[in-house]
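Coordinates in review
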Number of protein chains: 4
Amino acid sequence: MDTAAQKTLVPGNVHAGGEAGRSSRPAPSLSDSFRSTRALSLALAEHLSDADATIQSMEDASPAKWHLAHTSWFFETFLLRDHLPGYRLFDERFPFLFNSYYEAEGQRIARFSRGMLSRPALDECIAFRRAIDHAMESLLGREDCAPLIALGIAHEQQHQELLLTDIKHALFQNPLGPAMFDRLPDTPQHKGEGWIEHQGGIARIGQDCADTRFCFDCEGPRHRVLLEPFRLSRSLVSNREWAEFIADGGYRDPALWLSDGWAWVNREGVEAPLYWHGDDHFTLAGWQPRDPDAPATHISYYEADAFASWAGKRLPTEAEWEVAAADADPAGGQQMDRAETVQPAATPDLFGSCWQWTRSAYLPYPGFSPAEGAVGEYNGKFMSGQFVLKGASCATARGHSRPSYRNFFYPHQRWQFTGLRLAQDI
Amino acid sequence: MDTAAQKTLVPGNVHAGGEAGRSSRPAPSLSDSFRSTRALSLALAEHLSDADATIQSMEDASPAKWHLAHTSWFFETFLLRDHLPGYRLFDERFPFLFNSYYEAEGQRIARFSRGMLSRPALDECIAFRRAIDHAMESLLGREDCAPLIALGIAHEQQHQELLLTDIKHALFQNPLGPAMFDRLPDTPQHKGEGWIEHQGGIARIGQDCADTRFCFDCEGPRHRVLLEPFRLSRSLVSNREWAEFIADGGYRDPALWLSDGWAWVNREGVEAPLYWHGDDHFTLAGWQPRDPDAPATHISYYEADAFASWAGKRLPTEAEWEVAAADADPAGGQQMDRAETVQPAATPDLFGSCWQWTRSAYLPYPGFSPAEGAVGEYNGKFMSGQFVLKGASCATARGHSRPSYRNFFYPHQRWQFTGLRLAQDI
Amino acid sequence: MDTAAQKTLVPGNVHAGGEAGRSSRPAPSLSDSFRSTRALSLALAEHLSDADATIQSMEDASPAKWHLAHTSWFFETFLLRDHLPGYRLFDERFPFLFNSYYEAEGQRIARFSRGMLSRPALDECIAFRRAIDHAMESLLGREDCAPLIALGIAHEQQHQELLLTDIKHALFQNPLGPAMFDRLPDTPQHKGEGWIEHQGGIARIGQDCADTRFCFDCEGPRHRVLLEPFRLSRSLVSNREWAEFIADGGYRDPALWLSDGWAWVNREGVEAPLYWHGDDHFTLAGWQPRDPDAPATHISYYEADAFASWAGKRLPTEAEWEVAAADADPAGGQQMDRAETVQPAATPDLFGSCWQWTRSAYLPYPGFSPAEGAVGEYNGKFMSGQFVLKGASCATARGHSRPSYRNFFYPHQRWQFTGLRLAQDI
Amino acid sequence: MDTAAQKTLVPGNVHAGGEAGRSSRPAPSLSDSFRSTRALSLALAEHLSDADATIQSMEDASPAKWHLAHTSWFFETFLLRDHLPGYRLFDERFPFLFNSYYEAEGQRIARFSRGMLSRPALDECIAFRRAIDHAMESLLGREDCAPLIALGIAHEQQHQELLLTDIKHALFQNPLGPAMFDRLPDTPQHKGEGWIEHQGGIARIGQDCADTRFCFDCEGPRHRVLLEPFRLSRSLVSNREWAEFIADGGYRDPALWLSDGWAWVNREGVEAPLYWHGDDHFTLAGWQPRDPDAPATHISYYEADAFASWAGKRLPTEAEWEVAAADADPAGGQQMDRAETVQPAATPDLFGSCWQWTRSAYLPYPGFSPAEGAVGEYNGKFMSGQFVLKGASCATARGHSRPSYRNFFYPHQRWQFTGLRLAQDI
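Residues numbered from 1 in each chain as written. Chains lettered and ligands numbered in written order. Predicted model: local features only at pLDDT ≥ 70, side-chain atom pairs only at ≥ 80, totals over all residues.

Sheet strands associate in pairs through backbone hydrogen bonding, adopting either a parallel or an antiparallel arrangement. Residues and elements named next belong to chain C. Strand order in the open sheet formed by 3 strands is E1-E4-E12, and the pairing between neighbours is antiparallel. Pairing within the sheet leaves two strands with one partner each, and these edge strands are strand E1 (195-198) and strand E12 (423-425). For this sheet the average axis-to-axis angle between neighbouring strands, irrespective of direction, equals 20°. Relative to strand E4 (residues 230-233), helix H10 (residues 318-328) is tilted by about 70°, and along the sheet it contacts E1, E4 and E12. (Pairing = 2+ DSSP bridges. Helix = DSSP H or I, 4+ residues; strand = E, 2+ residues; numbered from the N terminus. Axes fitted to C-alpha atoms, helices over the stretch in contact; angles between N-to-C directions. Contact = placed C-beta atoms within 7 Å.)

Right under this line is the structure:
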């Protein structure tokens, strides 16, 4: 394979890439999904040195190496250890290193110490991956394992996105501004205009995870919601609009900000989205000129909310966003093979450009109860203080998202590809 | 007045007191409300020394003296300065000292420095209050001022509760365990049993503040909500039940806790509700034996959520609580003169015992927009990261609460009189 | 007593006051010293409200009330409890409140919580003082108690100075800039000129505490030191000179600063001595114009060192200062009744204006060992990271200092009356 | 060269190694010293991966890669840039990355961000080194450059020791306990017994750096000191003795500790020297059993002082140590070619085992003034709050130390090879 070419294409592969995107394509088998997902993780790390893959820039982020190993630990722990008779751990010491927050799975390294793992080397982590992949072949066809495998794939896709956003944040700390890729894929420029209107009423959102389609348990149960009439912008807020907000003193007017947001702006000295500097911004291809027409991204909830106040609009609720997305989806909310299928020209960037903050706190749906056991820890544990983001970003794995998907972050966090779609009451 | 007797009764006056509680009593006039509210604040501080009224135990809390002056600053700034021709400020330097967070009203002393205000002395703050009260007499009858006066009264009632919870927290820091009152009023012991059931459907919650009845703007607009069938406990979780939770290892089992909550428990070394020590707890009457049948209080949202998980139940949503409370209210959600009127025997402690955590984040209602100008800053600014509490506590001013009332605190905060009423799906 | 007159004079009484300063006056008896020292502490607090005496502005400082009670606790613990048969503690709870750092004397309130002691009230602390004073009368004549009484007096004198510097720091936090005294005593204006020269050689410094004269144990043993020839300035650096240092960019030139000092300047944003604002400075009489000819004070060791570098000079060592002071003292290093006696016109402000930083770390003298038991904890425990200051300030009790006296603070601390006398090699 | 053998020997080479240690060997030329010092740095890093060389475990430490590049930056900046006509920087961006604290040399990366430098890769840093080495060949013979070259060599030797102690600290964070070397060199077991006695009197310490022998400017001027009679232990405190201190409750008795030390012990939960765990300790060869007869090391000043108090002894002063070391040195204090030459059987481990805390604060000597310009920043800037250590450790470069050498660290720091030799008054 031609490395340079690959080096350009990889990030595109994450979400928007090539011909695999045709909606007519039949859904891949679980085995194929497993193999391609596992392969993509490795491809993402291909241009990272051992040192690149080791550093940790903040407690919120993890080293690339850790992501590669942690996703393998997941398959080893919940599939191989529990379901493959006679399986022996690749390395007895790895669970301590590569468990994340699963309390039920025992002690683990302090999160802020992940950046001290110069050993195992990147190569050893890759060897760990290959061993897991090999062992997993025995389980790929087993029906009883299918739900956990699907979960493991989705889990790994989440970490693929984190790997990209975490390494971006780490490279940004380096005064040399190193690039992970030679260039970024072209951003699709089919931007929507105007507003989608919705007349309100009772709708259904969420997804029952007992379905044949995979979803995280926090996405269900599917349930009724009551909406008042609203409008949702067909376009994301652009860099150009954000620059106007800045020029108009948006970061200096306390009337626009939530109380916590105003404290954050002042404490951190925030004056622009993360990664902005002059007319440039930092990307996975290093410092680049900023396209004024591209969606503004790397903004916190606080910034999104302040911008909306400045614009005389508001953030959408999760239900508004999801109902609008499902309406735009000819399959009626069915899991999308890839983002484009649910993006008629009128609303092109629901998925694949950036995650979109909603004004909805990340809380359990009516009737929700977390799955039993360690794998169920994930969703139930995080339901306080975070806000839901909908859609998918340029770094989200193809096929990973859907209208019912619930991403969530704290309101000050902005190292993800986070943006803003405005809403208003009718 | 007999001081000792008064010293016992004052906290009772705050919420549950004497004959004024009869529901047949006509609603007091605005002027009367103003005068009695202002008088109550002074009465609350009657047993505080200048030093007691000066100390600040944490950044969340404020000195009693500051509460007394800040509530007066509110009337001076938004009523007297703006509406009384020729009014001159009592002291030009006070706005800097006694503004709280109103950015539109200019610079103010850092919150954590409020505890350095040994001057003005408590007596001077009281003189400031008297001067404001005197000047306000000219405005009490003016119709154009009525809405702001009603707001000022409600604002002062909020600070009455904060004054009590803040001074409790401050006195608790003192190894001598000083008492502010000789004894506490008897707690009413008409405890509910069993569950209220609700069949779900579309209901209305919130209150339109354009009504003749005062409410905070965050309580509106009144709007439709969709409920699924649920049950709500007729009783609050008691100290006895909480002790069982502790005995069963509730504070040591990560499976019961939200992720942030578990971090909080470990970081702070939390092992019981605030103010518990052995079989005693700290009260405004000093250290006292804990009544096992009284509602557990001074618990954080994290604790409330963990307890509910342990009990196999959940916290109610704000809408569930409010609909149940309105159903219990013969006046159908009308503002209550005092708490007992809306408490049939079946659900006696909706109001007046302790605030009850809901699982609802404090977010704006559909159609909400903050009031214009400085007085509107309050509600809109705080809508992130906090959870709604419903009801009223033993420290809430009589007539201050109502089913639509939205109290809110961060999930780790527990120096308020906060408790828990369980819910579950049907 | 006329309060207003007293209110002016009190700070003068601390060090520089009236005719009592004549050196021909016989040394007061120990009983007289006890009584006058105890009376002076009360006089210092005379103009403080209960609230003034309660607040604590930083962990380094203590409330005035605490100083009053802690000095009484000292006499109660080490004299009355141990030496007066049948003595019963004034209040069993006070030792926990008013012990400072004496580990051997048991648990004590956390230092940063001293500011929460609204109770006991100032009046109760004064009642505690009076009870101790009364009980102490039985011990004043006992020879076996004399050394501990002398220690208690010296200890109380130290706290008198701290009381003044701590309350100054607390009142400074108040935007109202309250004054403790109506006016400050006139500063004596007999400033020295030029340099004292010393030819070096072997000298003796320190003082043996077994002498009839009281000293702290860290002042001994008296021992030999070897000096190289040096000069010591006859005058302290003045406010005028300090303003020149500022105007010349002294606070912005890293070449002038110690590494830790430069980090401190930048972290704290330091641009001038503490309490300076424009041409004014904050004093115990509130905000006052700054006298350019008065000694610069409230400077840290870092600032003193940077100034000396800027001036092409250096700080004196402790030994240099002490030898020069002893030479200036006709009594040859004997304990001074009051400062003026050792201040011939040539070096008028060795004592009584401000403490003078030396470049000597506070370390034990050759042969030093701490006294046995709790009272010996004081000196031995603090011998790391602090620098010695010599002399005495305007806030030092009359008769408290002497050439061998070793005051010590951390290099960043500057809420004491600290100044600078330059030295250089010959 | 055989890598495995090398891998064992490297640390030995640092100080104590092989036949090169004969004292009869003539002093190497400056050029030879430059080349061998530069080569040793590379050899030290030979077993480090790019990731090992990148991580930074705390703000006090730096990545190995950074040490390699910083020492090269020193030669580039102060020699090549200033003295080699036409020299062009290897990379214009490196000065920002690899300057340490030299304010006069401009902006530099924040110290705590050094651990983010995954690029330049270790290989690039080595290429930088080689380029510098090559360019330096032109200057090695120039007499005008000799003093700066000697300084650069000494500077690099300091960083060799830091590289070893920093990587030890980083690897220690890793739960896998990785080893940098296969095994450690044998520790020489010629331990001293009893005490050296000194009668006191006037002695000379320090070294004039204008001499033909290199020294750091803080070592001079050579000057007279006055000593009282003292004894100095011929042996360092051993692991066995330290274990007795622990068993006797040494870490739990406040009476033994300096005030700051006691706060440190409690804040950090210190219970043993750094790197101790059970009967093992962490070394550059991973976790190893602890030799009870080896010197205790990785102790802070606070611990050293507490141990001395427990033992009824004290730490020596810098002058005592230096005079005793010079007496032991047949060359009378002359710079030692290697440690063994100054270690008669009576005092075998003055140099080469571990640095020895003294009770002397790191302060300038009489007559000291820092060198002009950026290279002079080093010593003068650090003279506050640190204590002097004498001798040399197993990680000190051969020939780097001498009796006048002044190492210095803060009293809480203990990631260096720091130990303790007791003293007492006669």
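A separate point is the packing of helix H3 (residues 64-83) of chain D against helix H5 (residues 122-136) of chain D. Residues and elements named next belong to chain D. Running from N to C, H3 and H5 point in directions that differ by 30°, and their axes come no closer than 9 Å. Judged on the interaxial angle alone, H5 and H3 are roughly parallel. For the pair H3 and H5, the crossing hand works out as left-handed. Residue-level contacts link Lys65, Leu68, Ala69, Ser72, Phe75, Glu76, Leu79 and Leu80 of H3 to Leu122, Cys125, Ile126, Phe128, Arg129, Ile132, Ala135 and Met136 of H5. (Parallel < 35°, antiparallel > 145°, perpendicular 65-115°, else oblique. Left-handed = near helix turned anticlockwise from the far one by under 90°.)

Laying chain D over chain A is done by rotating through 180° and shifting 0.1 Å along the axis; what remains is an RMSD of 0.0 Å. The superposition operator between the copies reduces to a two-fold rotation axis. Minimal C-alpha distance to the rotation axis in chain D is attained by Ala51 of chain D, lying at 2.0 Å. (Least-squares fit on C-alpha atoms with pLDDT ≥ 70 in both.)

Another aspect to go through is unusual backbone geometry. Backbone torsion omega between Arg119 of chain B and Pro120 of chain B reads -5°, so that peptide bond is classified as cis. Despite not being glycine, His298 of chain C has its phi angle at roughly 60°, a positive value. Structurally, His298 of chain C can be placed in the loop between strand E7 (286-289) and helix H9 (301-310).

Residue and element names in this part refer to chain C. An order of E10-E9-E8-E11 is seen for the 4 strands of this open sheet, with the pairing classed as mixed. The open sheet is flanked by strand E10 (407-409) and strand E11 (418-419), the only strands paired with a single partner. Inspection of the sheet shows strand E8 (residues 355-361) paired to E11 by 2 bridges, in the parallel sense. Along E11, the bridge assignment pairs Trp355 with Thr418.

Moving on: the interface of chain B and chain A. Taken residue by residue, the interface counts 26 residues in chain B and 26 residues in chain A. For the side of chain B that touches chain A, the secondary-structure elements that each account for two or more residues are strand E3 (223-227), helix H8 (259-268) and strand E8 (355-361) of chain B. When its residues are assigned to classes, the side of chain B that touches chain A shows 14 nonpolar, 5 polar and 7 charged. (Nonpolar A, V, L, I, M, F, W, Y, C, P; charged D, E, K, R; others polar.)

Structurally, the position occupied by Asp50 of chain B is in the loop between helix H2 (30-44) and helix H3 (64-83). In this structure, the C-alpha to C-alpha distance between Asp50 of chain B and Ala121 of chain B, residues 71 residues apart in sequence, is 6.5 Å. If near-sequence neighbours (up to four positions away) are discounted, Asp50 of chain B is found in contact with Ala121 and Leu122 of chain B together with Ser49, Asp50 and Ala51 of chain C.

This part is about the packing of H8 of chain B against helix H9 (residues 301-310) of chain B. Residue and element names in this part refer to chain B. Contact geometry for H8 and H9: axes closest at 9 Å, N-to-C directions at 115°. With respect to each other, H8 and H9 are oriented roughly perpendicular. Crossing angle aside, the handedness with which H8 passes H9 is left-handed. Between H8 and H9, the residues in contact are Asp260, Gly261 and Trp264 and Tyr302, Asp305 and Ala306, respectively. Of the residues in the contact of H8 with H9, the class split is 3 nonpolar, 1 polar and 2 charged.

For the rest of this paragraph, the subject is the interface of chain D and chain A. Contact residues are listed per partner, giving 24 residues for chain D and 24 residues for chain A. Those elements that place two or more of their residues in the side of chain D that touches chain A are helix H4 (94-98) and helix H6 (146-173) of chain D. Class assignment for the residues of the side of chain D that touches chain A results in 12 nonpolar, 8 polar and 4 charged.

Another aspect to go through is the pairing of strand E6 (residues 280-283) of chain C. All names here are of chain C. Every second residue of E6 is oriented toward a common face, the buried set being His281 and Thr283 and the non-buried set Asp280 and Phe282. Pairing geometry for strand E5 (residues 276-277) and E6, over 2 bridges, is antiparallel. Its bridge partner lying in E6, His277 is registered against Asp280. Taken together, the 4 bridges between E6 and E7 define a ladder with antiparallel strand orientation. (Buried ≥ 20, exposed ≤ 12 C-beta atoms within 10 Å, placed from the backbone.)

What follows concerns the environment of Leu117 of chain B. Within the secondary structure, Leu117 of chain B is located in the loop between helix H4 (94-98) and helix H5 (122-136). Judged by C-beta crowding, with 27 C-beta atoms within 10 Å, Leu117 of chain B ranks as buried. Considered as a pair, Leu117 of chain B and Thr54 of chain B are 63 residues apart in the sequence and their alpha carbons are 6.5 Å apart. Residues within four places of Leu117 of chain B in sequence aside, it is in contact with Thr54, Pro63, Lys65, Trp66 and Leu97 of chain B together with Asn174 of chain C.

Let us now look at the confidence of the model for chain A. Interpretation of the predicted coordinates at a detailed level should be avoided for regions scoring low in pLDDT. Residues and elements named next belong to chain A. Mean pLDDT over chain A: 87, with 86% of residues reaching 70 or higher. Low confidence marks residues 1-24, where pLDDT is under 50. Its contacts with residues over four positions away, or in another chain, come to 45 contacts. Scored as a whole, the predicted complex attains pTM 0.92, and scored at its interfaces, ipTM 0.90. (pLDDT = per-residue confidence, 0-100.)

Moving on, we get to H2 of chain B. Residues and elements named next belong to chain B. The end-to-end C-alpha separation of H2 is 21 Å, in line with the 21 Å expected for 15 residues at 1.5 Å each. Burial in H2 covers these residues: Phe34, Thr37, Arg38, Ser41 and Leu44. The buried residues of H2 occupy an angular sector of 125° when the element is viewed end-on, so they sit on one face. Opposite its buried face, H2 presents the exposed residues Asp32 and Ala39, each directed more than 90 degrees away. (Expected span 1.5 Å × (residues − 1). Arc of directions from axis to C-beta.)

On to the environment of Asp349 of chain D. All names here are of chain D. Mapped onto the fold, Asp349 is located in the loop between helix H10 (318-328) and strand E8 (355-361). For Asp349, a count of 24 C-beta atoms within 10 Å gives the class buried. Separated by 114 residues in sequence, Asp349 and Ser235 place their C-alpha atoms 7.2 Å apart. Residue contacts for Asp349: discarding those within four places in its chain leaves Gly192, Leu236 and Pro295.

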